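Structural characterization, general
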Amino acid sequence: MRKVRIAILGAGSAGLTALAQVRKHTDEFVIVNHGPYGTTCARVGCMPSKALIQAADDYHRRHDFDTLGILGGEGLSVDIAAVLQRVRDYRDARVNGVLGATDQLGERSIAGRARLDGPQRIVVERADGGDDEVIEAEQVIIATGTRPVVPAPWRAFAERVITTDDVFECATLPRRIAVIGLGVIGVELGQALARFGLDVVGYEMRESLGSLSDPVVQEAARQSMGEEFPLHLGRAVELREGAGGIVVDDGREAHEFDQVLAAMGRRPNIDGLGLETLGVPLDRRGLPEFDRHTLRVGELPVFITGDVNGELQLLHEASDEGFIAAWNALHGPTRFRRRVPLAIAFTDPQIAVVGQSYAELAGREDLVVGEFDFSRQARALAMLKGSGMARIYAARGTGLLLGAEMLAPAAEHFAHLLALAIQREMSVAELLTLPFYHPTLEEGLRSALRALAKDIYGEAPLELATL
Ligand SMILES: Cc1cc2nc3c(=O)[nH]c(=O)nc-3n(C[C@H](O)[C@H](O)[C@H](O)COP(=O)(O)OP(=O)(O)OC[C@H]3O[C@@H](n4cnc5c(N)ncnc54)[C@H](O)[C@@H]3O)c2cc1C
Ligand SMILES: NC(=O)c1ccc[n+]([C@@H]2O[C@H](COP(=O)([O-])OP(=O)(O)OC[C@H]3O[C@@H](n4cnc5c(N)ncnc54)[C@H](O)[C@@H]3O)[C@@H](O)[C@H]2O)c1
């Protein structure tokens, strides 16, 4: 039996961030990883998806060429196999960069499946077929991530049903693709595949797309996305074998496809992890309660970090959580202030939610909303990107910025600007004292802020601070 100070279960983004901290202070650790190394983000997540989206958006741009006076755009074609190869080349470079974090650790890095046997004992089923290894750890950091949800009966359709674990590995893609689930992955990849000229149809059982909760922005997103590929919203679908493919049936219509991309959410990797041996209550998903400011599970020397804890499934949050858990495991209890929530979907226009969402604020009586329609925005029109809707939320009494939901060109940049303002507890009036260059998309943001200011302060505030 091996005894260590800290055991990290999972070598994804959360686990590796924890590892980087732990290594600064002690050699008495072990990191156990089941399955491929290289992290979900680099292997099958953030990085390959964004490389695919880049190619799709660039190819799609050909539809604007005539308007811009550039001739010959319609003669362009896309080689999907070459696109996917470039995605993999890019992906491999990212993955190689990550592998270095564990490949020099010798026996302090074990490839195998970890199972808890109480809060401080771990049994590892080694991937090399060696005997199970028992580890006693003073502190345990759980960072086992998530995997795509695929309903069990759908497994029978074999390679007709794929997920983001498979799509970037495909040599090429078939013509007819159904995307089931139009959350963040569904809208990003559905739009990208449609932009390659594939016959994509999107299915979503809710009425909304991505992570949006504001009905006005939702409607803008439905319209914008619906112009690019057909959307079937509001119903869960069923699959069955078809004569020449797989049939997707939403109860109203049935259509045949060559392949289905299941983008129906991701489930925590906790099966067989032994969380029930921790001796704390588990919720209906099988997850323990934890403090999001320490990541500690109850009073145990156990921390649960990254996607697996069922809270947020975002890279920067997973990294923060790995850090917080390692810090607490090393140095004792410290409650960290979490960053302002920030989520961006890399669609075109982009979708961004920052600070508190509309759903979180909807009950507040002092809620004021300022909006801006990007179909009228000068710079966006110059770029032929004139569509989208930004809605910014503030508190009437104080003028404090609370959050925003946006469908807008380059919303990633506004979202960061607003996150800064919200985290610094700035008011609408204060934000309006910052410079806005002309002509920029940010001027659209200023229009939404001015609308808010009118509502909050009655008359427009001075936009230049006085000396
Ligand atoms: C298609 C896609 C696109 C995405 N795009 C973005 C984006 O643009 N921006 C963004 O912020 N986020 C994005 N994400 C989310 C982001 O990738 C995740 O939030 C992040 O990777 C989570 O890291 P993690 O360390 O929690 O989990 P992971 O990186 O999944 O690591 C968990 C590791 O633990 C291993 N493991 C599982 N069970 C065990 C066990 N019993 N014992 C030992 N090891 C185990 C797993 O095999 C894995 O290696 C995307 C995700 C996907 C799928
Ligand atoms: N840009 C980014 O930050 C980014 C990109 C991709 C993924 N991610 C992360 O990955 C996570 C997983 O993404 P995801 O899109 O798989 O999950 P998600 O939870 O965002 O969306 C899943 C969608 O599938 C729908 N759904 C589930 N079952 C269905 C059914 N039977 N029929 C029709 N619709 C169904 C759900 O209603 C939901 O809208 C997200 O939580 C996100 O945080 C982030």
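First, a word on scope: everything that follows refers to the structure included in this document. Because the structure is predicted, anything quoted here is derived from the model rather than measured. (Residues numbered from 1 in each chain as written. Chains lettered and ligands numbered in written order. Predicted model: local features only at pLDDT ≥ 70, side-chain atom pairs only at ≥ 80, totals over all residues. Heavy atoms only, no water.)

1. So, the overall build of the chain
For the record, the criterion: For helices the rule is a DSSP run of H or I covering at least 4 residues; for strands it is a run of E covering at least 2, with both sets numbered from the N terminus onward. The reference for a compact globule is 2.2 Å times residues^0.38; the radius of gyration itself is calculated from the C-alpha atoms. For every residue, the accessible area (1.4 Å probe, protein chains only) is compared with the maximum for its type, and the residue is labelled buried under 20%, exposed over 50%, or partly exposed between those bounds. Any two residues having at least one pair of non-hydrogen atoms within 4.5 Å are treated as being in contact. Calculation of accessible area relied on Shrake-Rupley with a 1.4 Å probe; when residues are assessed, cover is drawn exclusively from the protein chains displayed. By the counting scheme adopted, Arg and Lys are positive, Glu and Asp are negative, and His together with the chain ends is not counted. In plain terms, the charge of a residue is placed at NZ if it is Lys, CZ if Arg, CG if Asp and CD if Glu.
For the chain, the count of helices and strands is 13 helices and 21 strands. Rg of the C-alpha trace for the chain: 24 Å, near the compact-globule value of 23 Å for 467 residues, within the 12% margin. Taken along its principal axes, the extent of the C-alpha atoms in the chain is 70 × 70 × 40 Å. The buried share of the chain, reckoned over its 467 residues, is 51%. Of all intrachain contacts in the chain linking residues separated by at least 6 positions in sequence, the fraction that spans at least 24 positions is 63%. Taken as a whole, the chain presents about 21400 Å² of accessible surface, with 51% of it coming from carbon and sulfur. For the chain, the distance from the average position of its 49 positive side-chain charges to the average position of its 65 negative side-chain charges is 2 Å.

2. A look at the sheet that holds strand S8 (residues 176–180)
How we decide: The criterion for strand pairing is that DSSP finds at least two bridges linking the strands in question.
Strand order in the open sheet formed by five strands is S7-S14-S8-S9-S10, with parallel pairing between adjacent strands. Looking along the sheet, the strands with just one partner apiece sit at the ends: strand S7 (161–162) and strand S10 (231–233). Taken together, the three bridges between strand S9 (residues 199–204) and S10 define a ladder with parallel strand orientation. Residue pairing across strands places Gly202 opposite Leu231, the latter belonging to S10.

3. With respect to the site of ligand 2
To keep it simple, the criterion reads: Proximity criterion: a residue is near a molecule or strand once any of its heavy atoms comes within 4 Å of it. Definition of a polar contact: a pair of N or O atoms within 3.5 Å, with one able to donate and the other able to accept a hydrogen when the atoms are protein atoms, and with sequence-neighbouring residues admitted only if both atoms are side-chain atoms. Residues are grouped as follows: Ala, Val, Leu, Ile, Met, Phe, Trp, Tyr, Cys and Pro are nonpolar; Asp, Glu, Lys and Arg are charged; every other residue, Gly included, is polar.
Within the structure, ligand 2 sits among 21 residues, and Ile185, Glu188, Glu204, Gln313 and Ile344 are positioned closest to it. Within the contact set of ligand 2, an oxygen atom lies 3.2 Å away from a backbone nitrogen or oxygen of Val184. Computed on the free molecule, ligand 2 has an accessible area of 840 Å², of which 79% lies beneath the protein chains in the complex. At the level of secondary structure, the elements contributing two or more residues to the shell around ligand 2 comprise helix H6 (184–195) and strand S17 (342–345). Per-element accounting of the shell around ligand 2 gives the leading share, three residues, to H6. For the shell around ligand 2, the per-class residue count stands at twelve nonpolar, four polar and five charged.

4. Things to note about helix H5 (residues 80–99)
Basically, it comes down to this: Working rule for helices: expected span equals 1.5 Å times residues minus one. Arc definition: directions from the helix axis to the C-beta atoms.
Taking 1.5 Å of rise per residue, the 20 residues of H5 would be expected to cover 28 Å, and the 28 Å separating its terminal C-alpha atoms lies within 8% of that figure. For H5, the complete set of buried residues consists of Ile80, Val83, Leu84, Val87, Arg88, Arg91, Val95 and Val98. Along the axis of H5, the buried residues cluster in a sector spanning 130°; they form a single face. The exposed residues of H5 that point more than 90 degrees off its buried face are Asn96 and Gly97. The residue sitting at the N-terminus of H5 and contributing the capping side-chain oxygen is Asp79; that oxygen lies 3.2 Å from the backbone nitrogen of Ala81.

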